[in-house]
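# Commentary on secondary and tertiary structure
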Amino acid sequence: MIVRRATMSARDYVGHLSTISAYLEMPTLEREQVFGQIMQVLPETVEIAADITVHLARRCCEQ
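Bear in mind the structure is a predicted one, so any value in this text is a computation, not a measurement.

## Concerning the packing of helix α1 (residues 10–17) against helix α3 (residues 28–41)
Between α1 and α3, the shortest axis-to-axis distance is 10 Å and the interhelical angle comes to 145°. The element α1 and its partner α3 pack so that their crossing is right-handed. Here α1 contributes Ala10, Arg11, Val14 and Leu17 to the contact with α3, which in turn contributes Phe35, Ile38 and Met39. Considering only residue class, the contact of α1 with α3 consists of six nonpolar, no polar and one charged.

Right, dumping it as structure tokens:
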């Protein structure tokens, strides 16, 4: 596992959320209201875990 942590402003974090399909599927007005509510409860900076799990695949011998 590659451990990655990112710190960003609350505004940048909400910008990141705006790229996620679950939010993109929401009606525009509802999405803007949700983002406004999220902004109200976030601290100035947000730390996110962006860990990467690496898997090694091996080809089995063909018979």
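## Examining the packing of aromatic side chains
The way to describe two aromatic rings as a pair is by their centre distance and the angle between their planes. On inspection of all chains with the given rule, the structure shows one aromatic pair. Ring geometry for Tyr23 against Phe35: centres 5.3 Å apart, planes inclined by 40°, an arrangement best described as tilted. Linking Tyr23 in helix α2 (residues 21–24) with Phe35 in helix α3, this pair joins segments that are twelve residues apart in sequence.

## Concerning the nonpolar core
When a protein is soluble and globular, its nonpolar side chains tend to lie buried together. By size, the foremost hydrophobic cluster in this structure holds eight residues: Met8, Tyr13, Val14, Leu17, Phe35, Ile38, Val46 and Ile48. Counting residues per element, the ones that place at least two in this core are α1, α3 and β2 (45–49). Considering every element that reaches this core, the biggest residue donor is α1, with three residues. Residues within four places of Ile38 in sequence aside, it is in contact with Val14, Leu17 and Tyr23.

## Things to note about α3
With 14 residues, α3 extends 21 Å from end C-alpha to end C-alpha; this agrees with the ideal 20 Å at 1.5 Å per step. Along α3, the residues classified as buried are Arg31, Phe35 and Ile38. Buried positions in α3, seen along its axis, are confined to an arc of 60° and lie on one side of it. The exposed residues of α3 that point more than 90 degrees off its buried face are Leu29, Glu32, Gln37, Gln40 and Val41. Packing partners of the buried residues in α3 comprise α1 and α2.

The rules behind each value
- Residues numbered from 1 in each chain as written.
- Predicted model: local features only at pLDDT ≥ 70, side-chain atom pairs only at ≥ 80, totals over all residues.
- Heavy atoms only, no water.
- Axes fitted to C-alpha atoms, helices over the stretch in contact; angles between N-to-C directions.
- Helix = DSSP H or I, 4+ residues; strand = E, 2+ residues; numbered from the N terminus.
- Left-handed = near helix turned anticlockwise from the far one by under 90°.
- Contact = heavy atoms within 4.5 Å.
- Nonpolar A, V, L, I, M, F, W, Y, C, P; charged D, E, K, R; others polar.
- Phe/Tyr/Trp six-rings, centres within 6.5 Å; stacked < 30°, edge-to-face > 60°.
- Core = buried A, V, L, I, M, F, W, Y, C linked by side-chain atoms within 4.5 Å.
- Buried < 20%, exposed > 50% of the residue type's maximum accessible area, 1.4 Å probe, protein only.
- Expected span 1.5 Å × (residues − 1).
- Arc of directions from axis to C-beta.

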